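Structural features, examined
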Amino acid sequence: MITAQDRLSETSPPFPIGPGRTLGIIGGGQLGRMTALAAARLGIRCHIFTPDSDGPAEQVCSAVTIAPYDDFAALEAFANAVDVVTFEFENIPAASVAHLAERVAVRPGWRALDTAQDRITEKTFFNDLGIATAPWVPVDGLDSLDAALMKLGRPAILKTTRLGYDGKGQARLTAETDTKTAWDSLKTDAAVLEGFVDFTCEVSVIVARGVDGATACFEPTENVHRDGILHTSTVPSALTPNQAKTAQSIATRAAEALDLVGLLAVELFVTRTGEILVNEMAPRPHNSGHWTMDACHVDQFEQFVRAVCGLPLGDPTRFRSMRMLNLIGADADSWPRLLAQPGAKLHLYGKSESRPGRKMGHVNMPTDQF
Ligand code: AMP
């Protein structure tokens, strides 16, 4: 029997949420959709809380609440209707998370969400663990940007501390860039300047952590971005076995330090000298983990469901080589050709409107023969 105490504590003794129970998901995008599909395979229902109607997750879940993230009455009704709450989107107001956490188990908890919401908090968290990031300086105006540029030099990357994604909320400052134009383009008073990392490749790693503290890491994947948006994720990556172990240990140590229950994705740069630097993290399934859907015994979405529902973690081992290609905007119009391609596994998100830069789906292409 689930006691009130169990419901309120993220680290309470494990209680499994199994078939017939309901997982609440905050956010209604494609990550929620693929989580709900994975939950359904285990007989678990999903109730989505999203401000937008007819989103990708709503189309495949058993219940939906359409309301703003700060609608406390709607949040309360949602908390009462589900057995555990998780997030496919981490930028949720603190008060809303607190409101939920008073009523139902919330996984991951506020610490992980709070750390991921702000680049300065996030970089401080990693640096305090002794994990390197690109050099960085907080910036709150033009004067402090000038001082930060003196310290870090050019090129450098200026990023808003909050709500940046897919390269949005960023400006690259080269020798030619006018500092004021770059600062004004961000439209913020809270930013961070990062030294430019001359990386040989970008990789990411996803770790799952269960209610009992057990962890399971997926293999690191090598990522290529175009216009700030993930383009491809490839496994195996170019990392040496030692670098792969380092990447996995960074993600695992971070998940443990956050006392996180769920998934933690960590994006990393590999420098020309072979050093591994953290770029950023996300406490949820990640676009760079979509290859796991067709290449691992248990994929990131099922692993996420298992972790937040207090079920045993599954086997994340990869059984084939894979390249994931994101379908951005009009790329998804080629779906008939992709469907006809032998071996290709097509995943479309059910978005009614295609826009440039919008993630419409992805295709997993096996790269090995068997
Ligand atoms: P982000 O939104 O921080 O993940 O940045 C999007 C992409 O911009 C990254 O995946 C990199 O390709 C590039 N980028 C971000 N920060 C840096 C940096 N400090 N040095 C070099 N490239 C970067």
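This section reports on the structure supplied with the text. Bear in mind the structure is a predicted one, so any value in this text is a computation, not a measurement.

**Observations concerning the sheet that holds strand β8 (residues 191–195)**
Taken in spatial order, the four strands line up as β5-β8-β6-β7 in an open sheet, and their pairing is antiparallel. The sheet is open, and its two edges are formed by β5 (136–139) and β7 (170–173), each paired on a single side. Each strand of the sheet is rotated relative to its neighbour by a mean of 20°, with strand direction disregarded. Each of β5, β6 (156–160), β7 and β8 touches helix α7 (residues 142–152); the most contacted strand, β5, lies at about 170° to it.

**Thoughts on the site of the ligand**
Around the ligand sit 16 residues in total, of which K159, Q170, V197, E202 and E280 are the nearest. Within the side chain of K159, an N or O atom sits 2.7 Å from an oxygen atom of the ligand. Between E280 and the ligand, the recorded distance is 2.8 Å, taken from a side-chain N or O atom to an oxygen atom. Contact with the protein chains covers 93% of the free accessible surface of the ligand, which is 470 Å². Those elements that provide at least two residues to the shell around the ligand are β6, β8, β9 (199–209), β13 (262–271) and β14 (276–282). Looking at side-chain class alone, the shell around the ligand contains five nonpolar, five polar and six charged residues. Split by domain, the shell around the ligand shows at least three residues from each of two domains, domain 2 (135–195) and domain 3 (199–369).

**Focus: the packing of aromatic side chains**
Per the stated rule, a full pass over the model turns up five aromatic pairs. A ring pair is formed by F49 and Y69, whose centres lie 6.3 Å apart and whose planes are at 25°; its orientation type is stacked. Placement of the pair is F49 in strand β2 (residues 45–50) and Y69 in the loop between β3 (63–66) and α3 (72–81), with a sequence separation of 20 residues. We note that F49, like Y69, is buried. Relative to F126, the ring of F125 has its centre 5.2 Å away and its plane inclined at 70°; by these criteria the two rings are edge-to-face. Here F125 matches F126 in class, with each residue buried. One aromatic cluster in this structure is built from F49, Y69, F78 and F89.

**Observations concerning unusual backbone geometry**
A cis amide bond links R107 with the next residue in sequence, P108, at an omega value of 0°. Across the junction of V235 and P236, the peptide omega takes the value 0°, indicating a cis bond. The phi torsion at K187 lies on the positive side, around 50°, for a residue other than glycine. Unusually for a residue other than glycine, D227 sits at a positive phi of about 55°.

**Notes on the pattern of salt bridges**
With the rule as written, the count across this model stands at 17 salt bridges. Its salt-bridge partner being R119, residue E280 comes within 2.9 Å of it at the nearest N-O pair. With E280 in strand β14 and R119 in helix α6 (residues 119–128), this residue pair connects regions lying 161 residues apart in the sequence. In this structure E280 comes out as partly exposed when scored by relative accessible area, which is 21%. Look at R119 and you get buried, because its relative accessible area is 7%.

**Here we look at the nonpolar core**
If you look at the biggest cluster of nonpolar residues, it comprises 33 residues, and the most contacted ones within it are L23, I44, C46, V84, W291, V305 and C309. In terms of residue count, helix α2 (residues 30–41) provides more of this core than any other element does, five residues in total. The residues that make up this core include at least three from each of domain 1 (4–106) and domain 3 (199–369). Once you skip the residues sitting within four places of it in the chain, W291 turns out to touch F218, E219, T221, S233, V235, C296, R318, M322, M324 and N364. Among the nonpolar cores identified, the runner-up in size contains 26 residues, and A112, A116, V205 and L268 belong to it.

**Let's talk about the packing of α3 against helix α4 (residues 94–101)**
For any two helices packed against each other, one specifies the crossing angle of their axes together with the interaxial distance. The N-to-C vectors of α3 and α4 enclose an angle of 35°; their axes lie 9 Å apart at closest approach. In terms of crossing hand, the pair formed by α3 and α4 is right-handed. Residues F72, L75, E76, F78 and A79 of α3 touch α4, and the partners they reach there are A95, S96, H99 and L100. Here the contact of α3 with α4 is built from residues that sort into six nonpolar, two polar and one charged.

Quick notes on the rules
Residues numbered from 1 in each chain as written. Predicted model: local features only at pLDDT ≥ 70, side-chain atom pairs only at ≥ 80, totals over all residues. Heavy atoms only, no water. Pairing = 2+ DSSP bridges. Helix = DSSP H or I, 4+ residues; strand = E, 2+ residues; numbered from the N terminus. Axes fitted to C-alpha atoms, helices over the stretch in contact; angles between N-to-C directions. Contact = heavy atoms within 4.5 Å. Near = heavy atom within 4 Å. Polar contact = N/O pair within 3.5 Å; in protein donor to acceptor, adjacent residues only side chain to side chain. Areas by Shrake-Rupley, 256 points an atom, 1.4 Å probe, with all protein chains shown as cover. Nonpolar A, V, L, I, M, F, W, Y, C, P; charged D, E, K, R; others polar. Domains from an automatic or database assignment. Phe/Tyr/Trp six-rings, centres within 6.5 Å; stacked < 30°, edge-to-face > 60°. Buried < 20%, exposed > 50% of the residue type's maximum accessible area, 1.4 Å probe, protein only. Salt bridge = Lys/Arg side-chain N within 4 Å of Asp/Glu carboxyl O. Core = buried A, V, L, I, M, F, W, Y, C linked by side-chain atoms within 4.5 Å. Left-handed = near helix turned anticlockwise from the far one by under 90°.

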